[in-house]
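Fold and geometry: a report
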Amino acid sequence: GEDVEQSLFLSVREGDSSVINCTYTDSSSTYLYWYKQEPGAGLQLLTYIFSNMDMKQDQRLTVLLNKKDKHLSLRIADTQTGDSAIYFCAEKGTNAGKSTFGDGTTLTVKP
Amino acid sequence: DVKVTQSSRYLVKRTGEKVFLECVQDMDHENMFWYRQDPGLGLRLIYFSYDVKMKEKGDIPEGYSVSREKKERFSLILESASTNQTSMYLCASSRDTANYGYTFGSGTRLTVV
């Protein structure tokens, strides 16, 4: 079945870049997503990338997709304390409308 | 501002009670989903619905049921609450193709005592 894997924790210093990685198994995934969850809140869609793209940039966020290796990454430039949150990778697989989520990476930003 | 609204932020219920968690979206979305989130277990899909009066089981449907009588409302029902159903419950909705991802509610933290 479909599976999405992420490392569980990442710690960076304020002002540094953060890179959160994700691997997925479903080669037919058409869309891949990054969501952010702040403490005690629901998930918020940050960005998404279509599978025919290699890269997408949106202000401080850069998404890289390596379709051959089924690897997705999210780079946050100039990381701030307000970026501390859990980041979820997700894919839209073959079951239309139903996404598979990773377990989330907890990003801690130290001043 | 488009929204998914979950009726309660925090709930405390007793073991054996019937519990209703309500979710309403104002985006005319076709799909609606219920997840539970537990530390170390990520998001687990309980049930989802592609249309009114339609439901499909997710990965962990045991002990739960759902109702979708209107397009905008998707209810999760715990028939007889148990302590192992203490969790954060998240509702989400999306367009039918879900190409542009899900919109999530703020979550309901349910404690069963």
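To start, this report covers the structure provided alongside it.

With that out of the way, let us pick up the sheet that holds strand β3 (residues 19-25) of chain B. Residues and elements named next belong to chain B. Pairing within the open sheet is antiparallel, and its 4 strands lie in the order β1-β3-β8-β7. Strands at the two margins of the open sheet, each flanked by one partner only, are β1 (4-6) and β7 (64-70). When strand polarity is set aside, the average angle formed by the axes of neighbouring strands in this sheet is 20°. Bridge count between β1 and β3: 3 bridges; the pairing is antiparallel. Looking at the pairing, Thr 5 lines up with Val 24 of β3.

All names here are of chain A. Considering all chains together, one arrives at 2 disulfides over all chains under this definition. Across a sulfur-sulfur distance of 2.0 Å, Cys 22 and Cys 89 are joined as a disulfide pair. Linking Cys 22 and Cys 89, the disulfide has an S-S dihedral of approximately -65° and is accordingly described as left-handed. With Cys 22 in strand β3 (residues 18-24) and Cys 89 in strand β9 (residues 85-92), this pair connects stretches of sequence that are 67 residues apart. Residue class for Cys 22 comes out buried when judged on its relative accessible area of 1%.

Criteria and thresholds
- Residues numbered from 1 in each chain as written.
- Chains lettered and ligands numbered in written order.
- Predicted model: local features only at pLDDT ≥ 70, side-chain atom pairs only at ≥ 80, totals over all residues.
- Heavy atoms only, no water.
- Pairing = 2+ DSSP bridges.
- Helix = DSSP H or I, 4+ residues; strand = E, 2+ residues; numbered from the N terminus.
- Axes fitted to C-alpha atoms, helices over the stretch in contact; angles between N-to-C directions.
- Disulfide = S-S within 2.5 Å.
- Buried < 20%, exposed > 50% of the residue type's maximum accessible area, 1.4 Å probe, protein only.

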